[in-house]
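# Notes for the structure review
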Amino acid sequence: MMSTLKCAVIGCGGLGKKHVGHVAVMEGVQLVALCDIVEEQFTKATTTNLGAGATIDISNYNLYTDAEELLAKEELDFVIIALPTFLHEKYTIMALDKGVHVFCEKPMARTVEACQNMIDAAKRNNKLLSIGQCLRFDDGYALIKEAYDSGKYGKLKRLELTRYSVAPIWGWENWYMNFERSGGAATDLHVHDVDFINYLLGRPDAVRSDAYDKRSGFDCISTQYYYKDGPIVHATGDWSLPQSFGFRPDYMAVFEKAVIMKGSKGGPVIYPEDGEAQEVEYGSRDMYKSEVEYFVQCINEGKLNDIAPMESTKQSIEIVFAEIESAKTGKVVTL
């Protein structure tokens, strides 16, 4: 019988609270502590582009406003780090050096060098590090991945990904709107689709990007990805839209014998070359819960995360920075 893993969540904003809700009831996991520099975050509901937030029943947890104190006092197996991007490197390495496995929210870090430092710390301490690139655990995107890998609909001819959102002005000290802290929509929002492209097709040979700024730097970025003898691939991330617009991620994968795209109900629809459209049952699992459940499984089985390897998620950051360089210079950037 496997022992119960003790866990803490560091960062109790919108995604932090979502993780709290999942691990608090997760089989084989005991949530013992929460940490946030702002005490009111423990009880305050946070609304994000995912919708209205939830409050937390904090009565069963030890509460901290200092992560270093938490790591010194608590006996933990893993932590979930849901802090602003520019803090990921510091606190991930701090936890790994304490001998604790780390699940860190996306994007991995603010620079490629920081990503590598995190990987080095995981290897140095023989601990697992996983990054919350949640599309790798989403049923709709998984359907595209399965179709591509199996070849059941022939070759992938074109992939179009978009992620449109209101500006995330709900962050602590408005950190999303500070490019030095967040990397703008390019690094924070668009990285979801970049990571899925990387997961599906690997590193592109080159990228060509256009972008514009509204308030944070790279509020919108649109990129063409070049693969030798590969499909036409394009993705756009934009969080410059009015608050009334909401959040609209979308996908369209055109294969030789079918098209897979998001339907009006939010789930994928398959349009075969012959026959009627097939609406696929969707929503049976929560991608945020699934990614942590798989991380816990990896800890228990003593195996590496082969769905979202830390080296692969670092590569997604490398691609984003190539896109930013392309948008700045107006040139195609090779990788």
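Okay, so let's go over this structure. Here the residue numbering is sequential within each chain, running from 1 through the sequence in written order. Whole-chain, interface and lining totals are the exception, using all residues; otherwise, since this is a predicted model, local features are given only for residues with pLDDT of at least 70 and side-chain atom pairs are given and counted only at 80 or more. Water and hydrogen atoms play no part in the side-chain values, which are based on all heavy atoms of the structure.

### Some details on the overall build of the protein
What the protein contains, in helices and strands, is 10 helices and 15 strands. Relative to the 2.2 N^0.38 estimate, which gives 20 Å for 335 residues, the radius of gyration of the protein is 20 Å and therefore close to what a compact globule would have. Each principal axis of the C-alpha distribution contributes one length, and for the protein these read about 60 × 45 × 40 Å. Type-normalised accessible area, obtained with a 1.4 Å probe on protein chains alone, sets the label of each residue: buried when under 20%, exposed when over 50%, and partly exposed for intermediate values. Relative to its full complement of 335 residues, the protein shows a buried share of 54%. Note on contacts: a residue pair is in contact if any heavy atoms of the two residues lie within 4.5 Å. Taking all contacts inside the protein whose residues are at least 6 apart in sequence as the whole, residues at least 24 apart take part in 69%. Residue exposure ignores everything except the shown protein chains as possible cover, and the areas themselves are Shrake-Rupley values with a 1.4 Å probe. For the protein, the exposed surface amounts to about 15,000 Å²; the carbon and sulfur share of it is 46%. Runs of H or I in DSSP of at least four residues are treated as helices and runs of E of at least two as strands, each being numbered from the N terminus. Each radius of gyration is computed over the set of C-alpha atoms, and the globule rule expresses the reference value as 2.2 Å times the number of residues to the power 0.38.

### A word on the side chain of Thr-313
With respect to the helices, strands and loops of the structure, Thr-313 is situated in helix α10 (residues 310-329). Thr-313 gets classed as buried once you look at its relative accessible area, which sits at 0%. Among all residues touching Thr-313, those that are not within four sequence positions of it are Met-108, Ile-131, Gln-133, Arg-136 and Asp-195.

### Remarks on the sheet that holds strand β4 (residues 78-81)
In spatial order, the strands read β3-β2-β1-β4-β5-β6; together these 6 strands make up an open sheet with parallel pairing. Looking along the sheet, the strands with just one partner apiece sit at the ends: β3 (62-64) and β6 (129-132). Mean inter-strand twist for the sheet, computed between neighbouring axes without regard to direction, equals 25°. Any two strands with at least two DSSP-identified bridges between them are counted as paired. Judged from the 6 bridges that link them, strand β1 (residues 5-10) and strand β2 (residues 29-35) form a sheet pairing that is parallel. All axes here are fitted lines through C-alpha atoms, helices being fitted over the stretch that makes contact, and every angle between N-to-C directions spans 0 to 180 degrees.

### Considering the packing of helix α3 (residues 88-97) against helix α4 (residues 112-125)
Packing of α3 against α4 leaves a shortest axis separation of 9 Å and a crossing angle of 5°. Considered as vectors, α3 and α4 are oriented roughly parallel to each other. Contacts between α3 and α4 involve His-88, Glu-89, Thr-92, Ile-93, Leu-96 and Asp-97 on the former and, on the latter, Ala-114, Asn-117, Met-118, Ala-121, Ala-122, Arg-124 and Asn-125. Here the term charged refers only to Asp, Glu, Lys and Arg, the term nonpolar to Ala, Val, Leu, Ile, Met, Phe, Trp, Tyr, Cys and Pro, and the term polar to all other amino acids, Gly among them. Considering only residue class, the contact of α3 with α4 consists of 6 nonpolar, 4 polar and 3 charged. Angles below 35 degrees are treated as roughly parallel, those above 145 as roughly antiparallel, those between 65 and 115 as roughly perpendicular, and all remaining angles as oblique.

### Brief notes about the pattern of salt bridges
By definition here, a salt bridge exists when the distance from a side-chain nitrogen of Lys or Arg to a carboxyl oxygen of Asp or Glu is within 4 Å. With the rule as written, the count across this model stands at 16 salt bridges. The salt bridge involving Asp-193 is made with Arg-163; its shortest N-O contact spans 3.1 Å. With Asp-193 in helix α8 (residues 191-201) and Arg-163 in strand β7 (residues 156-166), the pair connects residues that are 30 residues apart, well separated along the chain. For the pair Asp-193 and Arg-163, a shared accessibility class is recorded, and that class is buried. One connected set of salt bridges, linked through shared partners, spans Arg-203, Lys-314 and Glu-318.

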